[in-house]
Amino acid sequence: DLLGKVLEKTKNYSMAVKAYDVAANSTGRNEVYYQKIGDINIKEEDVETARKAYIKALQNNPYNKELLLKVATITQIYFENDIDTALDCYSKLLEIEENSANIYYELGHLYLKKNDVINSVNAFKLALDKDTENPFYHNALAYALVKAEQYEDACEHYKFAIDKNPDPEWTAIVCQALASLYHNVFDDIDTAVDLLKTAIILDENNDEIFVELGDIYLQTDDIDSAIKAYCEAIKLNPKNA
């Protein structure tokens, strides 16, 4: 252990890893030494080897909170297709912190990736039970409810997120999502246009909002307004073919 620390301080990381590996095999303390190995691999930007080390460290204590968070985070960022590993980590973390809204929130997104809409909706609802005013949780639940074709409920949660307006650019995107719902599901053109105009006020540099507004005007034969909206989009993004 001391040798490994000295080697780390001198940035002799490859030798430090070997020292910790020997220590793990001789003492059986995988939880301690493979976590150290994983941390070194992170410094070296070798996330694949780091994840393997952290997973090996978890063998001695599958409910080590710090290790579970590290594996879950690395998996979500760098191994997006390995949904089951991240799900397993967050499920264990939930056993440790059953009242954590953020864990339910992360689980909701993972279930969405697996197209498990029912569990996703339930996870986001549980997150909101713990943090009722969080606009990001309302937005996530709204998206899951759209997937579940529960459009009326989705609208209410989108509206709540918009009212909270934690960040103008983010809220503009939520307005755009709600506008799409009114346009494509409820055929309520006026409300959709109003929402897109609100989105433009919140973020006047988002060319996609102008394109969507132009599409609605084109659909309703308001050609002049459509051209104006498309021209605004072109000003913002001249390379959009």
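Above this text is the structure in question.
So, here's what we can say about the structure.

So, how was this worked out
- Residues numbered from 1 in each chain as written.
- Predicted model: local features only at pLDDT ≥ 70, side-chain atom pairs only at ≥ 80, totals over all residues.
- Heavy atoms only, no water.
- Phe/Tyr/Trp six-rings, centres within 6.5 Å; stacked < 30°, edge-to-face > 60°.
- Helix = DSSP H or I, 4+ residues; strand = E, 2+ residues; numbered from the N terminus.
- Buried < 20%, exposed > 50% of the residue type's maximum accessible area, 1.4 Å probe, protein only.
- Lys NZ or Arg CZ within 6 Å of the ring centre and 35° of its normal.
- Patch = residues over 30% accessible without salt bridge, like charges linked within 9 Å, V, L, I, M, F, W, Y side chains within 5 Å.
- Areas by Shrake-Rupley, 256 points an atom, 1.4 Å probe, with all protein chains shown as cover.
- Salt bridge = Lys/Arg side-chain N within 4 Å of Asp/Glu carboxyl O.
- Lys, Arg positive; Asp, Glu negative; His and termini not counted.
- Charge placed at Lys NZ, Arg CZ, Asp CG, Glu CD.
- Axes fitted to C-alpha atoms, helices over the stretch in contact; angles between N-to-C directions.
- Parallel < 35°, antiparallel > 145°, perpendicular 65-115°, else oblique.
- Left-handed = near helix turned anticlockwise from the far one by under 90°.
- Contact = heavy atoms within 4.5 Å.
- Nonpolar A, V, L, I, M, F, W, Y, C, P; charged D, E, K, R; others polar.
- Expected span 1.5 Å × (residues − 1).
- Arc of directions from axis to C-beta.

Another aspect to go through is the packing of aromatic side chains. Inspection of every chain in the model, using the stated rule, returns four aromatic pairs. With a centroid separation of 4.7 Å and an interplanar angle of 35°, the aromatic rings of Y105 and Y137 are classed as tilted. On the criterion of sequence distance, the pair formed by Y105 in helix α7 (residues 101-113) and Y137 in helix α9 (residues 135-147) is long-range, its members being 32 residues apart. The exposure class of Y105 is buried, given its relative accessible area of 18%. For Y137, a relative accessible area of 7% corresponds to the buried category. Directly above the aromatic system of F79 lies the positively charged group of R51, at a separation of 4.1 Å from the ring centroid.

What follows covers a negative patch on the surface. Taken together, the side chains of E44, E45, D46 and E48 define an acidic patch exposed on the protein surface. Structurally, D46 can be placed in the loop between α3 (30-43) and α4 (47-58). In this structure D46 comes out as partly exposed when scored by relative accessible area, which is 31%.

Geometrically, a packed helix pair is captured by the angle between its two axes and the distance between the axes. Across the interface, α9 lies against helix α11 (residues 168-184) with an axial gap of 12 Å and an inter-helix angle of 25°. Between α9 and α11, the angle is such that the two are roughly parallel. As α9 packs across α11, the resulting crossing turns out to be left-handed. Side by side, α9 and α11 meet where P135, F136, N139 and V146 of the first sit next to W170, V174 and L181 of the second. Grouping the constituent residues of the contact of α9 with α11 by class yields six nonpolar, one polar and no charged.

Glancing now at the environment of Y78. Positionally, Y78 belongs in helix α5 (residues 65-78). Counting along the chain gives 19 residues from Y78 to Q59, while the straight-line C-alpha distance between them is 22 Å.

Let us now look at α4. With 12 residues, α4 extends 16 Å between its outermost C-alpha atoms, agreeing within 8% with the 16 Å of an ideal straight helix rising 1.5 Å per residue. Within α4 the residues assigned to the buried category are V47, A50, R51, A53, Y54, A57 and L58. Taken around the axis of α4, the buried residues stretch over an arc of 160°, which confines them to a single face. Those residues of α4 that are buried lie in contact with α3, α5 and α6 (83-96).

Packing of helix α13 (residues 207-219) against helix α14 (residues 223-236) brings their axes to within 8 Å, and their N-to-C directions diverge by 165°. If you check the angle between α13 and α14, you find them roughly antiparallel. For the pair α13 and α14, the sense of crossing is left-handed. Contacts between α13 and α14 pair D207, F210, V211, L213, G214, D215, Y217 and L218 from the former with I223, S225, A226, A229, Y230, E232, A233 and L236 from the latter.

Here we come to the pattern of salt bridges. Evaluation of the coordinates by the stated rule reveals nine salt bridges. We note a salt bridge from D39 to K70, for which the minimum N-O separation is 2.8 Å. Taken together, the residues span a long stretch of sequence, with D39 in helix α3 and K70 in helix α5 at a distance of 31 residues. Residue classification places D39 among the partly exposed positions, given a relative accessible area of 28%. The shortest N-O distance in the salt bridge between D88 and K92 comes to 2.8 Å. Here the residue D88 and the residue K92 both occupy positions in helix α6, the gap between them amounting to four residues, near one helical turn. When its relative accessible area of 38% is taken as the criterion, D88 is described as partly exposed. Linked through salt bridges whose partners overlap, the residues forming this network are D39, E66 and K70.

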